[in-house]
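Examination of the molecular architecture
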Amino acid sequence: MSFLRFAVRRVAEMAATLLAASFVVFGALYLAPGSPASFLLAGRSASPEALAAVNAQYHLDDPFAVRYLSWLGDMLQGDFGRSLTYRTDVSRLLADRLPTTLLLIGMALVVVVAVGLFLGRLSAVRGGATDTAVLVGTTFAVGTPSFVAAVLLQGVFAVKLGWFPSSGAGDGLLDRVRHLTLPALALALYLIGMLARVTRSAMLEALDGEHVTVARSRGVPERHVIRRHVFRNALGTVLTTGGLIVSTLLVCTILVETAFSIGGVGQLLELSTSTKDFPTVQAISLIIVALFMTVNLIVDLLLPLVDPRITLGSRSSSA
């Protein structure tokens, strides 16, 4: 199978999956207790006339299929509807909050990749006491949920030492980076432990390979053996884990943003869910699903390029 054919097939599969996900996202909220109309009329007498007016204004009395197709058509045109809570376009809410969330995820991802790969490689190559120390540290990291890490970091570095702000997103790039440093660390801690362990295991497996023995017997310098024959062969496993890491970041950012009152998309989703702001929840949920599938698509396309031993479509067929 050619790479182009494989890419087209995967994009088509992603589009079909996203279409199915959009149906689930749209329909699931209407199965939950309560309704948008009851929320809009909270605190007021819900007379039949008032309820009918709200249903007509938001087309809540249209058949489900009509509402879904209309919503899907608007989504494809970039119209995410109007927030029931904030009384403004959802696209405007996302435009105001999405940059903060993307910066937070980007900072956390850089920390995870840099520290996780370094610790995993160090543990596999050095062994001994270094390996034990890394295993103990990563065990602690993996066992610490993001919200617990957020509380600990706030208490030590924000409240006690006063090195970083304890809440808010800041103004301007440098101030924003300073405000997001602790949230990024809280978001990254668990994933650093996971990536370090995966990197260590993949490199230890590669170290036992026959090609490594042959390279060493030929007098190839150890640093070249590690870089060319060990770390490179472990990249396939590491890259697959990278897709899971990005997906986890998308989900865990909700907890971290709420803990630090950052005001990003994650916190917006939490608030919108509690107030049954259906249009906002639907838009954010579908965006998260789309990002999740895009990350997996990129991983599938990169794997054969990183590791020639992986044939096109092998990961997808085994998943």
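As a starting point, this report considers the structure included with it. (Residues numbered from 1 in each chain as written. Predicted model: local features only at pLDDT ≥ 70, side-chain atom pairs only at ≥ 80, totals over all residues. Heavy atoms only, no water.)

Some details on the overall build of the chain
In terms of helices and strands, the chain carries 13 helices and 0 strands. Overall, the chain shows an N-to-C arrangement of helices and strands of α-α-α-α-α-α-α-α-α-α-α-α-α. In the chain, which comprises 319 residues, the share counted as buried stands at 41%. In the chain, the proportion of contacts linking residues at least 24 apart, taken out of those at least 6 apart, comes to 73%. Surface accessibility of the chain: about 16,500 Å² in total, with carbon and sulfur atoms responsible for 66%. (Helix = DSSP H or I, 4+ residues; strand = E, 2+ residues; numbered from the N terminus. Buried < 20%, exposed > 50% of the residue type's maximum accessible area, 1.4 Å probe, protein only. Contact = heavy atoms within 4.5 Å. Areas by Shrake-Rupley, 256 points an atom, 1.4 Å probe, with all protein chains shown as cover.)

Regarding a positive patch on the surface
On the surface, Arg-121, Arg-223, Arg-227 and Arg-228 cluster together into a positively charged patch. Here the element with the most residues in the positive patch is helix α10 (residues 222-260); it accounts for 3 residues. Its place among the elements puts Arg-228 in helix α10. Its relative accessible area of 48% is what places Arg-228 among the partly exposed residues. (Patch = residues over 30% accessible without salt bridge, like charges linked within 9 Å, V, L, I, M, F, W, Y side chains within 5 Å. Salt bridge = Lys/Arg side-chain N within 4 Å of Asp/Glu carboxyl O. Lys, Arg positive; Asp, Glu negative; His and termini not counted. Charge placed at Lys NZ, Arg CZ, Asp CG, Glu CD.)

Notes on the packing of helix α5 (residues 90-126) against helix α8 (residues 173-207)
Two numbers describe how α5 lies on α8: the axes approach to 4 Å, and their chain directions differ by 35°. Considering how the two elements wind past one another, α5 and α8 form a crossing that is right-handed. Of the residues belonging to the contact of α5 with α8, the class tally is 27 nonpolar, 6 polar and 3 charged. (Axes fitted to C-alpha atoms, helices over the stretch in contact; angles between N-to-C directions. Left-handed = near helix turned anticlockwise from the far one by under 90°. Nonpolar A, V, L, I, M, F, W, Y, C, P; charged D, E, K, R; others polar.)

Description of the packing of aromatic side chains
Two numbers describe a pair of aromatic rings. These are the distance of the centres and the angle of the planes. A complete count under the given rule lists 5 aromatic pairs for this structure. Aromatic side chains Phe-23 and Tyr-68 sit 5.3 Å apart centroid to centroid with 80° between the ring planes, which places their arrangement in the edge-to-face category. Placement of the pair is Phe-23 in helix α1 (residues 3-28) and Tyr-68 in helix α4 (residues 64-76), with a sequence separation of 45 residues. According to the relative accessible area criterion, Phe-23 is partly exposed, its value standing at 45%. Ring pairing ties together the aromatic residues Phe-23, Phe-26, Tyr-68 and Trp-71, which thus form one cluster. (Phe/Tyr/Trp six-rings, centres within 6.5 Å; stacked < 30°, edge-to-face > 60°.)

A word on the environment of Val-299
Among the structural elements, Val-299 can be located in helix α12 (residues 278-306). On a C-alpha basis, the gap between Val-299 and Leu-244 in space is 9.8 Å, while along the polypeptide they are 55 residues apart.

Comments concerning the nonpolar core
Val-112, Leu-187, Ile-245, Leu-249 and Phe-260 are the most contacted members of the largest nonpolar core, which has 28 residues in total. Breaking this core down by element, the ones donating at least two residues are α5, α7 (146-160), α8 and α10. In terms of residues, this core owes the most to one element, α8, which gives 10 residues. Not counting chain neighbours up to four residues away, the residues in contact with Ile-245 comprise Leu-109, Val-112, Leu-191, Met-194 and Leu-195. Phe-80, Val-90, Leu-94 and Val-265 belong to the second-largest nonpolar core, a separate cluster that totals 17 residues. (Core = buried A, V, L, I, M, F, W, Y, C linked by side-chain atoms within 4.5 Å.)

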